[in-house]
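Structure at a glance
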Amino acid sequence: MKVTIKATSLDLTPEVKEAIEEKIATLDKFISHIDASVEAFVEVAVETRHHKKGRIYYAEASIKVPGEIIRSEAREENIYKAINTVKDELQVRLKKHKERQAR
């Protein structure tokens, strides 16, 4: 799966980029049944207008599969937590998609 990463108001360090690529790569097993090449779009950002004090990190990912776009987003106080939350949500949604396709 090809992963495209966009960073908004955030320095995309090699560590953050690697974490995103590793987490999204674990989702390959749920889309291996799809013949077409699948692409994931991931955006990470720092939100500035939020009611909580401190930095709030935002992560969003979309995976386009035939007939559907599977999407997830999360806001956390830690960028890695946000990435993990998005990955976990995508995993659940991709499992459901795979089960529907198997019928």
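Located above this text is the structure these notes cover.
This text gives an overview of the structure that appears in the document. (Residues numbered from 1 in each chain as written. Predicted model: local features only at pLDDT ≥ 70, side-chain atom pairs only at ≥ 80, totals over all residues. Heavy atoms only, no water.)

1. Considering the sheet that holds strand β3 (residues 56-65)
Defined as follows: A pair of strands is considered paired only if DSSP assigns at least 2 bridges between the two. The numbering of helices and of strands both runs from the N terminus, where a helix is a DSSP run of H or I of at least 4 residues and a strand a run of E of at least 2. Working convention: axes come from line fits to C-alpha atoms, limited for helices to the stretch in contact. Angles between N-to-C directions cover 0 to 180 degrees. Contacts: residue pairs with any heavy atoms within 4.5 Å of one another.
If you walk across this open sheet you meet the four strands as β1-β2-β3-β4, and the pairing is mixed. Single-partner strands in this sheet number two, and they are β1 (2-8) and β4 (68-76). Direction aside, neighbouring strands of the sheet carry axes that sit 15° apart on average. Against the sheet, helix α1 (residues 14-25) touches β1 and β2 (39-47), its axis set at about 140° to β1. The strands touched by helix α2 (residues 79-102) within the sheet are β2, β3 and β4, with β4 carrying the most contacts at an inclination of about 155°.

2. Quick word on the pattern of salt bridges
Condition: Between Lys or Arg on one side and Asp or Glu on the other, a salt bridge is scored when a side-chain nitrogen of the former is within 4 Å of a carboxyl oxygen of the latter.
Across all of its chains, the model carries eight salt bridges by this definition. Residue lysine 2 is joined to glutamate 39 by a salt bridge in which the shortest nitrogen-to-oxygen separation is 3.7 Å. Separated by 37 residues along the polypeptide, lysine 2 in strand β1 and glutamate 39 in strand β2 bring together distant segments of the chain.

3. Some remarks on the environment of aspartate 88
As a reminder of what qualifies: Using a 1.4 Å probe on the protein chains alone, a residue whose accessible area is under 20% of its type maximum counts as buried, one over 50% counts as exposed, and one in between counts as partly exposed.
Structurally, the position occupied by aspartate 88 is in helix α2. A relative accessible area of 42% means that aspartate 88 is categorised as partly exposed.

4. Quick notes on unusual backbone geometry
Residues other than glycine seldom take positive phi values, yet serine 9 does so here, at roughly 55°. By the element assignment, serine 9 lies in the loop between β1 and α1. Among the residues examined, serine 9 registers a relative accessible area of 56% and is labelled exposed.

5. Thoughts on α1
As a reminder, the rule being used: Helix span, as expected, comes to 1.5 Å for every residue beyond the first. This arc describes the spread of directions from the helix axis toward the C-beta atoms.
With 12 residues, α1 extends 16 Å between its outermost C-alpha atoms, agreeing within 8% with the 16 Å of an ideal straight helix rising 1.5 Å per residue. Within α1 the residues assigned to the buried category are Val16, Ala19, Ile20 and Ile24. Take α1 and look down its axis: the buried residues cluster within an arc of 120°, on one side only. Exposed and facing more than 90 degrees away from the buried side of α1 are Pro14 and Glu15. Buried residues in α1 make contact with β1, β2 and α2.

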